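Chain by chain, the residues:
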Amino acid sequence: MTTEQDEIQTRARASFKRLIAYTCIAGVFMVAAVLTYLGSQGPLNPTIIIATTLGVFFSVLLGAGLMAMGFLSSSSGHDDAAAAATDHSALSHDPDKPAG
């Protein structure tokens, strides 16, 4: 691996970690917003609070985390390597030449 590729992957990982941190912050705000809304509709028991907190937080984290993984894959060069490995146009195929 070249130094340039290492630098690209280092920047991609830093960007990924930043996206995950922002996602966690957004998840906390979403949980607070949902619990505030549910609290305005009626009393909350501990079971509802725990279930809502876990459900909302991990749903936000999962959705944004998967999107962040797509960005990481694209920006770190993994997508280019996979595309080059499956590039069928690089194969020389002569339709006039008989198989075998």
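My aim in this report is to walk through the structure given alongside it, one point at a time.

The rules behind the values
- Residues numbered from 1 in each chain as written.
- Predicted model: local features only at pLDDT ≥ 70, side-chain atom pairs only at ≥ 80, totals over all residues.
- Heavy atoms only, no water.
- Helix = DSSP H or I, 4+ residues; strand = E, 2+ residues; numbered from the N terminus.
- Buried < 20%, exposed > 50% of the residue type's maximum accessible area, 1.4 Å probe, protein only.
- Contact = heavy atoms within 4.5 Å.
- Areas by Shrake-Rupley, 256 points an atom, 1.4 Å probe, with all protein chains shown as cover.
- Polar contact = N/O pair within 3.5 Å; in protein donor to acceptor, adjacent residues only side chain to side chain.

Before going further, it helps to examine the overall build of the protein. In terms of regular secondary structure, the protein is built from three helices and zero strands. N-terminal to C-terminal, the α/β element order of the protein is α-α-α. Here the protein, with 100 residues, has 12% of them falling under the buried criterion. At a minimum sequence separation of 6, the contacts of the protein that also span at least 24 residues come to 72%. About 7700 Å² of surface is accessible on the protein, with carbon and sulfur atoms providing 67% of the total.

Right, let's talk about the side chain of Thr23 for a bit. Along the chain, Thr23 falls in helix α1 (residues 3-41). Side-chain polar atoms of Thr23 contact the backbone oxygen of Leu19, separated by 2.7 Å. Not counting residues up to four positions away in its chain, the partners in contact with Thr23 are Val60, Leu61 and Ala64.

Take the environment of Ala14 next. Within the element layout of this structure, Ala14 appears in helix α1. In the structure, Ala14 is positioned 58 residues away from Leu72 in sequence and 9.5 Å away in space, judged by C-alpha atoms.

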